[in-house]
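Now for the letters of each chain:
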Amino acid sequence: MDNINKNNESADQGIFIAFEGIDGSGKSTQITILNERMKEEGIHCYTTMEPTDSPFGSLIHQIMTGRIKTDNKVIAALFVADRLDHLLNDVDGIVNKINEGTTVLTDRYYFSSYAYHSVDMPMEWVIQANGQSSGILRPTVTIFIDTDPDTAMERIAKSRDHQELFEKKSRLVKVREKYFEAFEKLKGEERVIVIDGNRSVQEIADDIWERVKGFL
């Protein structure tokens, strides 16, 4: 299989946009808005997320909600497996969709692993563990919605009846710091756009559209 990267996308391939941010940053809302906007422009889009609903993703969801207990290294490894299946699955894998000319919007990709898992283990280990995924497909651009942890926690409290494993303010503060550490570490390899996520939904959406449409 030929690898796809940010510098050699052919004219008939779709583009790949990864949305990142701490929990409660508003990624899902903004993906929905961008998807609708792209459809209005006649762009064929597919939206997806990580963890997926595959058997690997289902196991991760059970861990995140506390039904299964395991070590953080195991969690990181499960994300690696889920991500590779997300890319390569014969039925709905991202690589096939990109090759078919579909634009793919994903709620989380490997920067989430870099940020969340490197709180507990060396970031270099996490980056290396995800090396196959980055080698197969780098995002055309990564959109990071930068939201204050206090604001994020307020949104989580309003929208959910329970908190998942990583949804604590002290951890979200560390995760946000790790995101920026990863962006700096990989600034020569990745396109990352940081969006102020502390504004209204529409202001954020308009900003994202202005920044993204140049890649379409």
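Within each chain, residue numbers correspond to sequence positions counted from 1 in written order. Thresholds applied to this predicted model are a pLDDT of at least 70 for local features of residues and 80 or more for the giving and counting of side-chain atom pairs; totals over whole chains, interfaces and linings are not thresholded and use all residues. Hydrogens and water are ignored here; the side-chain numbers use all heavy atoms of the structure.

Asks: What is the right way to look at the overall build of the protein in this model?
Replies: When you go through the protein residue by residue, the secondary structure sums to 10 helices and five strands. C-alpha atoms define the radius of gyration in this analysis, and the globule rule sets the expected value at 2.2 Å times the number of residues to the power 0.38. Its C-alpha radius of gyration of 16 Å places the protein within 12% of the 17 Å reference for a compact globule of 216 residues. For the protein, the spread of C-alpha atoms along the three principal axes comes to 45 × 40 × 30 Å. For the protein, buried positions account for 48% of its 216 residues. Whether two residues are in contact is decided by their heavy atoms, any of which lying within 4.5 Å being enough. In the protein, once contacts between residues fewer than 6 apart in sequence are set aside, the share between residues at least 24 apart is 78%. As displayed, the protein offers around 10,400 Å² of accessible surface, 47% of which is attributable to carbon and sulfur atoms. Numbering goes from the N terminus for both helices and strands, where a helix is a DSSP run of H or I of at least four residues and a strand is a run of E of at least two. Relative accessibility under 20% of the residue-type maximum defines a buried residue, over 50% an exposed one, and the middle range a partly exposed one, all with a 1.4 Å probe and only protein chains included. Each accessible area is a Shrake-Rupley result for a 1.4 Å probe, and residues are judged covered by the shown protein chains and nothing else.

Asks: Help me understand the packing of helix α5 (residues 110–117) against helix α9 (residues 169–185) in this model?
Replies: Each pair of packed helices can be summarised by the angle the axes make with each other and by the distance between the axes. In the contact formed by α5 and α9, the axes pass within 7 Å of each other and the chain directions differ by 125°. As the angle between them shows, α5 and α9 are arranged oblique. Judged by the sense of rotation from one axis to the other, the crossing of α5 with α9 is right-handed. Residues F111, S112, Y114, A115 and Y116 of α5 lie in contact with α9, whose contacting residues are R171, L172, V175, K178, Y179, A182 and F183. To define axes, lines are fitted to C-alpha atoms, for helices over the stretch in contact only, and angles between the resulting N-to-C directions are given on a 0 to 180 degree scale. Throughout this description, any angle smaller than 35 degrees is read as roughly parallel, any larger than 145 degrees as roughly antiparallel, any in the 65 to 115 degree range as roughly perpendicular, and the remainder as oblique. Crossing chirality is assigned from the near helix's rotation relative to the far helix, an anticlockwise turn below a right angle marking it left-handed and a clockwise turn marking it right-handed.

Asks: Sorry, what's going on with the environment of N96 here?
Replies: For N96, the position within the fold is in helix α4 (residues 94–99). When the C-alpha positions of N96 and G14 are compared, they lie 9.9 Å apart, and in sequence the two are 82 residues distant. Contact partners of N96, with chain neighbours within four places excluded, come to N89 and D90.

Asks: Can you help me understand helix α10 (residues 201–212) in this one?
Replies: Two residues of an α-helix separated by three or four positions point the same way, owing to the 3.6 residues in each turn. Taking 1.5 Å as the rise per residue, α10 with 12 residues should run 16 Å; its terminal C-alpha atoms sit 16 Å apart, in good agreement. Along α10, the positions that sit buried rather than exposed are I204, A205, I208, W209 and V212. The arc that holds every buried residue of α10, seen down its axis, measures 135°, which confines them to one face. Check the buried side of α10 and you find it contacts β1 (16–20), α1 (27–40), β4 (141–146) and β5 (192–196). Multiplying 1.5 Å by the residue count of a helix minus one yields the expected span of that helix. By definition, the arc is the one covered by directions from the helix axis to the C-beta atoms.

Asks: Is there a simple way to think about the sheet that holds strand β2 (residues 45–49) in this case?
Replies: Sheet strands associate in pairs through backbone hydrogen bonding, adopting either a parallel or an antiparallel arrangement. On the basis of which strands lie adjacent, the open sheet formed by five strands has the order β2-β3-β1-β4-β5 and parallel pairing. Each edge of the open sheet carries a strand with a single partner, namely β2 and β5. On average, each strand axis in the sheet is inclined to that of its neighbour by 20°, with strand direction left out of account. Between any two strands, at least two bridges found by DSSP are needed for them to pair. Here β1 pairs with strand β3 (residues 103–107) via four bridges, running parallel. Counterpart to F16 in the pairing with β3 is V104. Taken strand by strand, α10 contacts β1, β4 and β5, and its axis lies near 160° from that of β5.

Asks: Can you help me understand the packing of aromatic side chains in this one?
Replies: Within a pair of aromatic rings, the relevant descriptors are the distance that separates the centres and the angle that separates the planes. Two rings from Phe, Tyr or Trp (for Trp, the six-membered ring) form a pair when their centres are within 6.5 Å of each other. A pair whose planes differ by under 30 degrees is stacked, one over 60 is edge-to-face, and the rest are tilted. This model, assessed by the stated rule, comprises 12 aromatic pairs. Consider the rings of Y110 and F111, whose centres lie 5.9 Å apart with planes at 45°: the pair is tilted. A residue is classified by how much of its surface remains accessible, and Y110, at 0% relative accessible area, is buried. Of the residues examined, F111 reaches a relative accessible area of 1% and is grouped as buried.

Asks: Help me out: how do you make sense of the pattern of salt bridges in this one?
Replies: When the charged atoms of two side chains lie near each other, side chains of opposite charge can form a pair. The rule for a salt bridge is simple: a side-chain nitrogen of Lys or Arg has to be within 4 Å of a carboxyl oxygen of Asp or Glu. Throughout the structure, instances matching the rule amount to 15 salt bridges. Measuring nitrogen to oxygen at the nearest pair gives 2.8 Å for the salt bridge that ties K187 to E184. A salt bridge links K213 to E210, with the nearest nitrogen and oxygen atoms 3.1 Å apart. Here E210 falls in the partly exposed class, since its relative accessible area comes to 49%. Bridged by salt links that share partners, the residues E20, D23 and R108 form one connected network.

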